[in-house]
Amino acid sequence: MSHAGPHADASARPSTGGAPAGPEEAKSWRDVVAAYVGLTKPRVIELLLLTTVPVMFFAERGIPPLGLVAATVVGGALSAGSASAYNCVYDRDIDEQMRRTRRRALPRHIVSPVSALVFASVLAVLSTVVLALWVNWLSAALSLLANAFYVFVYTMLLKRRTTQNIVWGGLAGCFPALIGWTAVTGELAWTPVVLFLVVFFWTPPHTWALALRYREDYRNVDVPMLPVVKPAADVGRQIVAYSWVMVATSLLLWPVAGTSLVYPLAAAVLGAVFLVEAHRMWRRTRRSDVLSEINPMRLFHASNLYLSLLFVAVALDPLLVR
């Protein structure tokens, strides 16, 4: 399982200084531990695991073996943490210049790039071993593929070159749906592919809302996020388009997987609420380009809630109709 780089971590505290922070000395072992934990972007891990475990419940059509869930969660968290740490190493130059990321471990020089690279590699190896030994080789291979895709395709190839960076780079964050399914069944099927696509179409609205909030940060470091190169109204229009496709795709799970009515009803209600929020933000972008009036973080937080509740519905559907 990989950190979906586009699933940006909005938890970093902005710095008020004008220049990048200089070297800092860790005051205690707690500072060092906190710095390494920060490299893994824990909030992103939480989101990725939230799209893994419910799929395991759905694949099992009930409660999967708790040992299997634990192994999948541990292996997935290690993989996601590894991908995030690799990303922190590669992006340390722009992280020093962005308000949102200046307080990370590498810009603050609490952890050296070499140490962070070793840390990321150890996590990748441990993740593969855990998933291969206690889950299955297919899940381990998918996790390793997601990790590599995020690091080499999104972080190194796409992020600094194209406005489509998070569209295609976001594929890495879709793999947890496949991994959760294969962990239980040992094989791929159309059901997890539908959920894979839901996350794929969810990623642009989620990430562009955050990128709109921090567009000056991205502009200052020449990262061509869509809100940097397009007017806010264009961003809002594309967010609405992706949101409609996302909701339509979420409803496909009903006929493809043969769910009860619990899931499609939940998906329809959640989708309707999200579409209202997306259209409202688009309307605000057409009236003004001022961030305080657009309030893109409202949609960002709504997107987190939408995905979380949708996958909770995925997990509950087989439990409520047993």
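Right above here is the structure, for reference.
Everything in this summary refers to the structure shown in the same document. What you are looking at is a predicted structure, and each value in this text was computed from that prediction instead of being measured.

Definitions and cut-offs
Residues numbered from 1 in each chain as written. Predicted model: local features only at pLDDT ≥ 70, side-chain atom pairs only at ≥ 80, totals over all residues. Heavy atoms only, no water. Phe/Tyr/Trp six-rings, centres within 6.5 Å; stacked < 30°, edge-to-face > 60°. Helix = DSSP H or I, 4+ residues; strand = E, 2+ residues; numbered from the N terminus. Buried < 20%, exposed > 50% of the residue type's maximum accessible area, 1.4 Å probe, protein only. Salt bridge = Lys/Arg side-chain N within 4 Å of Asp/Glu carboxyl O. Contact = heavy atoms within 4.5 Å. Patch = residues over 30% accessible without salt bridge, like charges linked within 9 Å, V, L, I, M, F, W, Y side chains within 5 Å. Areas by Shrake-Rupley, 256 points an atom, 1.4 Å probe, with all protein chains shown as cover. Bend = angle between axes of the 7 residues up to and from the residue. Polar contact = N/O pair within 3.5 Å; in protein donor to acceptor, adjacent residues only side chain to side chain.

## A closer look at the packing of aromatic side chains
Item 1. In total, this model carries eight aromatic pairs according to the counting rule given.
Item 2. Measuring from ring centre to ring centre gives 5.4 Å for Tyr-150 and Tyr-154, while their planes differ by 20 degrees; the resulting arrangement is stacked. Here Tyr-150 and its partner Tyr-154 are both found in helix α7 (residues 137–158), four residues apart, which amounts to about one turn of the helix. In this pair, the class of Tyr-150 matches that of Tyr-154, namely buried.
Item 3. Relative to Phe-196, the ring of Phe-175 lies with its centre 5.7 Å away and its plane at 75 degrees, an arrangement referred to as edge-to-face. With Phe-175 in helix α9 (residues 175–185) and Phe-196 in helix α10 (residues 190–213), the pair connects residues that are 21 residues apart, well separated along the chain.

## Here we look at unusual backbone geometry
Item 1. Located in the positive-phi region is Asp-222, a residue other than glycine, with phi close to 60 degrees.
Item 2. Note that Asp-222 resides in the loop between α11 (215–220) and α12 (226–229).
Item 3. In the Ramachandran plot, Asn-295 falls in the positive-phi region, its phi being about 50 degrees despite a non-glycine side chain.
Item 4. Here Asn-295 lies in the loop between α16 (291–294) and α17 (296–320).

## A word on the pattern of salt bridges
Item 1. Tallied over the entire structure, the rule returns nine salt bridges.
Item 2. The salt bridge involving Arg-215 is made with Asp-289; its shortest N-O contact spans 3.4 Å. Taken together, the residues span a long stretch of sequence, with Arg-215 in helix α11 and Asp-289 in the loop between α15 (262–287) and α16 at a distance of 74 residues.
Item 3. Relative accessible area serves as the criterion here: at 43%, Asp-289 is assigned to the partly exposed category.
Item 4. One continuous salt-bridge network, built from bridges that share partners, spans Asp-91, Asp-93, Lys-159 and Arg-160.

## Some words on the environment of Trp-254
Item 1. Turning to its location among the elements, Trp-254 is positioned in helix α14 (residues 253–257).
Item 2. Along the chain, Trp-254 and Ser-139 lie 115 residues apart, while their C-alpha atoms are 25 Å from each other.
Item 3. Those residues in contact with Trp-254 that lie beyond four places of it in its chain are Thr-259, Ser-260, Leu-261, Tyr-263 and Pro-264.

## Digging into a nonpolar patch on the surface
Item 1. On the surface, a nonpolar cluster with roughly 350 Å² of combined accessible area is contributed by Val-114, Val-118, Val-122 and Leu-126.
Item 2. Mapped onto the elements of the fold, Val-122 is located in helix α6 (residues 113–134).
Item 3. The class for Val-122 is partly exposed, based on a relative accessible area of 43%.

## Section: α7
Count 3.6 residues to each turn of an α-helix, and residues three or four apart come out pointing the same way.
Item 1. The largest bend in α7 amounts to roughly 30 degrees and is located at Phe-149.
Item 2. Taken together, the buried positions of α7 are Ser-139, Ala-140, Leu-142, Ser-143, Ala-146, Asn-147, Tyr-150, Val-151, Tyr-154, Thr-155 and Leu-158.
Item 3. The secondary structure elements touched by the buried residues of α7 are α4 (66–90), α6, α8 (165–169) and α9.
Item 4. A distance of 3.2 Å separates the backbone nitrogen of Leu-138 from a side-chain oxygen at the start of α7, and that oxygen is part of Asn-136.

Geometric values such as these leave the question of function open.
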